[in-house]
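The chain contents come next:
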Amino acid sequence: MMHNTVDKIEYVSFLEHKGRFKGLFSWIFATDHKRIALLYLYAIGTFFFVGAILGLLMRLELIAPGETIMKPQTYNGIFTVHGIIMIFMVVIPGLSAVFGNFFLPILIGAKDVAFPKLNLFSWWVFIFGSVLAIASQFMKNGPPDTGWTFYAPYSTATGTNVITATTAAFVLGFSSILTGLNFLVTIHQMRAPGMKFFNMPLFPWAIYATAWIQLLATPIIGITLLMLIAERLFGIGFFNPDLGGDPILFQHLFWIYSHPAVYVMILPAMGVITEIIPTFCQRRVYGYKAIALSSVAIAGVGFLVWGHHMYTSGMSNQARWFFSLLTFVVAVPSAIKVFNWISTMYKGSIDLKPPFLYAVSFIFLFIIGGTTGLLLGSIATNVQVHDTAFVVAHFHYIIFGGMGFAFFAAIHYWLPKMYGKMYNFKRANIAWAIIFVGFNLLYFPQFILGFQGMPRRYFDYLPQFQTGEVISTIGGIILVSGFIFMVYNLVMGVRKGEPAPANPWNGSTLEWQIPSPPPTENFDEVPVIKKNPYDYI
Amino acid sequence: MSDTNIHTEEHRNDDASKLGMWLFIFTELLLFGGLFLVYSIYRAQYPHNFHEGSLELSVTIGAINTIVLLFSSMTIAMALTAMQRNNKKLAMTMIVVTLLMAVVFLINKYFEWGAKFHHGLYPGSDLMALLERGHLLYFSLYFFMTGLHAFHIIVGMVLLIVVLFKVKNNRIHAHKYVLLENGALYWHLVDLIWIFLFPLLYLIS
Ligand code: HEM
Ligand SMILES: [Cu+2]
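None of the values given here were measured: they were computed from a predicted structure. (Residues numbered from 1 in each chain as written. Chains lettered and ligands numbered in written order. Predicted model: local features only at pLDDT ≥ 70, side-chain atom pairs only at ≥ 80, totals over all residues. Heavy atoms only, no water.)

Caption draft 1: Summary view of the overall build of chain A. Regarding its fold elements, chain A presents 16 helices and 0 strands. The C-alpha atoms of chain A give 23 Å as radius of gyration, which agrees with the globular expectation for 537 residues (24 Å, within 12%). Each principal axis of the C-alpha atoms in chain A carries an extent, and together these give about 70 × 45 × 45 Å. Across chain A, the fraction of contacts at a sequence separation of at least 24, relative to all contacts at a separation of at least 6, is 82%. As displayed, chain A has an accessible area near 19600 Å², and 69% of this comes from carbon and sulfur atoms. (Helix = DSSP H or I, 4+ residues; strand = E, 2+ residues; numbered from the N terminus. Rg over C-alpha atoms; globule rule 2.2 N^0.38 Å. Contact = heavy atoms within 4.5 Å. Areas by Shrake-Rupley, 256 points an atom, 1.4 Å probe, with all protein chains shown as cover.)

Caption draft 2: Looking closely at the coordination of the copper ion (ligand 2). All names here are of chain A. Donor atoms from the polypeptide that coordinate the copper ion (ligand 2) comprise His259 (ND1), His308 (NE2) and His309 (NE2), at 1.7 to 2.0 Å from the metal. Within one chain, the residues serving as donors to the copper ion (ligand 2) are arranged as H-x48-H-H. Remark: His308 occurs in the loop between helix 10 (288-301) and helix 11 (317-345) and His259 occurs in helix 9 (residues 247-281); sequence separation between them is 49 residues. For the pair shown, His259 and His308 are each scored as buried. (Donors = N, O, S within 2.8 Å, 3.2 Å for Na, K, Ca; no water. Buried < 20%, exposed > 50% of the residue type's maximum accessible area, 1.4 Å probe, protein only.)

Caption draft 3: Representation of the interface of chain A and chain B in the model. In this assembly, 44 residues from chain A lie in contact with 33 residues from chain B. Surface buried jointly by chain A and chain B totals about 3200 Å² across both partners, of which 74% is contributed by carbon and sulfur atoms. Put simply, chain A and chain B have 0 salt bridges between them. Linking chain A with chain B are 7 residue pairs in polar contact (both at pLDDT 80 or more). (Buried area = accessible area lost by both parts, 1.4 Å probe. Salt bridge = Lys/Arg side-chain N within 4 Å of Asp/Glu carboxyl O. Polar contact = N/O pair within 3.5 Å; in protein donor to acceptor, adjacent residues only side chain to side chain.)

Caption draft 4: Up close: helix 10 of chain A. When the terminal C-alpha atoms of helix 10 of chain A are compared, their 20 Å separation across 14 residues agrees well with the 20 Å that a helix rising 1.5 Å per residue should span. Taken residue by residue, helix 10 of chain A has Tyr288, Ile291, Ala292, Ser294, Ser295, Ile298 and Ala299 of chain A as its buried positions. (Expected span 1.5 Å × (residues − 1).)

Caption draft 5: Here's a closer look at the site of ligand 1. Residue and element names in this part refer to chain A. As a matter of local geometry, ligand 1 sits amid 25 residues, with His82, His396, Tyr443, Arg456 and Arg457 nearest to it. One of the side-chain N or O atoms of Arg456 is found 3.0 Å from an oxygen atom in ligand 1. In terms of residue class, the shell around ligand 1 is built from 18 nonpolar, 4 polar and 3 charged. (Near = heavy atom within 4 Å. Nonpolar A, V, L, I, M, F, W, Y, C, P; charged D, E, K, R; others polar.)

Caption draft 6: Local environment of the coordination of the iron atom of ligand 1. Residues and elements named next belong to chain A. Bound to the iron atom of ligand 1 on the protein side are His82 (NE2) and His396 (NE2), at distances that span 2.1 Å. Around the iron atom of ligand 1, the 6 donor atoms are arranged such that angles at the metal cover 83 to 179 degrees; this shape is classified as octahedral. Pair noted here: His82 is in helix 3 (residues 72-91) and His396 is in helix 14 (residues 389-419), with a separation of 314 residues, a long-range link. Of the two residues examined, His82 and His396, each falls in the buried class. (Tetrahedral: all angles 85-135°; square planar, octahedral: opposite > 155°, others 65-115°.)

In structure tokens form, the structure reads like this:
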């Protein structure tokens, strides 16, 4: 059921809609989910760029052994801020705040999220937390140097701005909870008539599972950070062995949140990929229910594997094999998704447009990241490579290769809908190639270096590692240039591109049946759903 | 952007608001859940010190505060029923009584904490540093948990004051009282957490 006539109808898009406020205020006080999504997009895009530049600075430092461009303490500060920005300000909110906000309501046939004002409030909280995080860099006592993990007891003792940074993480977590809560209620209460849970497209399913994790896991990091702050302010001693506390307890509490948090990053990414693949193969998604329920399974089992970050920290043997076993179990639903994506492509009429290129490279990089994750999940190999560059390579493959590439895929997929303009495909393909090559050059050598014993978080290294480090740095420069080129192409597309039709990719989900860009209220009349989302033939 | 009245009416969905509140209450429970976890781990590690620590708290003050909070939970529930029956005056009185109970609770807390401070027992004090480790952790947890709970009392009070004014201005009435309902729900949560804290800190020995 494509309504191709829809283009010609006169309407006011959400970009031009005149509300109570004018100019900038009509954006920063907007309660329209689509405008809030764009606010997140601009904020997160900026933070990503800053974080990438910090990453590049570290790479430049590592181009040669010894001190190259910065002092050791500066390096400590930079990897901490890089981690905090990338984790708490980019990937955790990333896909759900930008594309979840924009497309979740549309995909389920709703006019907005359940609590539009709360949605705006979450954005403001997010900005407040981000400002705090950035302020922690410039305040008197110097940037925090604990790593983004804030491990005790060092974090209770170092003289740097740990309190500001942890407060920032707490505030950002609060924003994440509110967003998750909003989405949960939206999905439960706002679905269009006829849209049952198993009629929902799979991106909303992924957002649904993610929102539960945000809601259930974030309070734990919240209380942990509060305890850490209290410890620093009043010398309370929960995590300080001198005062009877237990630093390992901090690690447990930290990872009880932070492992599920990696699923907050990756589940929406998987959801995006699940939308893109059927569209560009023009095929019904293979194993709809398996994909939907595997998101929920990942969310559930993901709560029980945190110990795999702590094999070397002091844990009983029973606990170690238990966590290892569960880590292997949680890999199963992820693998199910990969099989489903590939089966969806089988015999499809594949169309190699930029969103699909990013989606396929997502699968490729995710497989590398995921299988090396299993290497880290098994105890013996973990002890060998724990805290080495191998781990750095692994998580960059998962979060950058996974979540980052899914973000790029999503922006290429949905930009015509969001702005009603099309970008240049040729340039998009070139940017993709540069990014893909740069990415692998940057991180693949880190696997090898890690195996050979290069530790992470070191600003210096033995001369024998130099070849790998130089390749890696060159990869970093290529990657960042590709990224800049990609953004240039997208910005040019939005400003000068051809007008995009309502359904440029011949997609079957609801967002393609309304005009580009969508009107403020999304739908003129509430859609009634009578079919499954991926009916192509 | 909801700039017309018709639009806002359309968006009103009491079930959604209540579901939202329940989910938020989950997160609050988990926040304290993390603390209860830490408490039980240290209690298992230092049973003796925790026993001694609990003997130093006044069960009387704790019990009075428990009764005060339970009573306030009742009055806020009565406020809700009164509103549903369109008795604005009674609803307002009951909200005010609830707020008064909250103040009584905080005053009690103030004296309880004050007595500890008077004896030099507060986080970071010289005396604390001399205590046995388990003993110190017990009092650290005591101040942290009751402090965080008191903060929640204050948040709940702010919420109820907002509700009170909305009732006064007829923004909350017999056909639209979900905010009062949510405020009451939150107040029950604050009460419930205390019901856990009281035995953990004062009674179990
Ligand atoms: C231009 C892109 C990037 C470059 C050049 C880069 C480079 C680096 C480098 C050199 C390190 C330090 C490794 C060490 O300590 O030995 C690092 C750490 C890290 N990176 Fe990246 N990175 C990039 C993008 C990302 C992205 C997109 C994410 C997440 C979404 C990310 C997350 C992290 C995290 C969490 C750490 C660990 C920080 C810590 O040790 O506390 N990075 N990165
Ligand atoms: Cu993990």
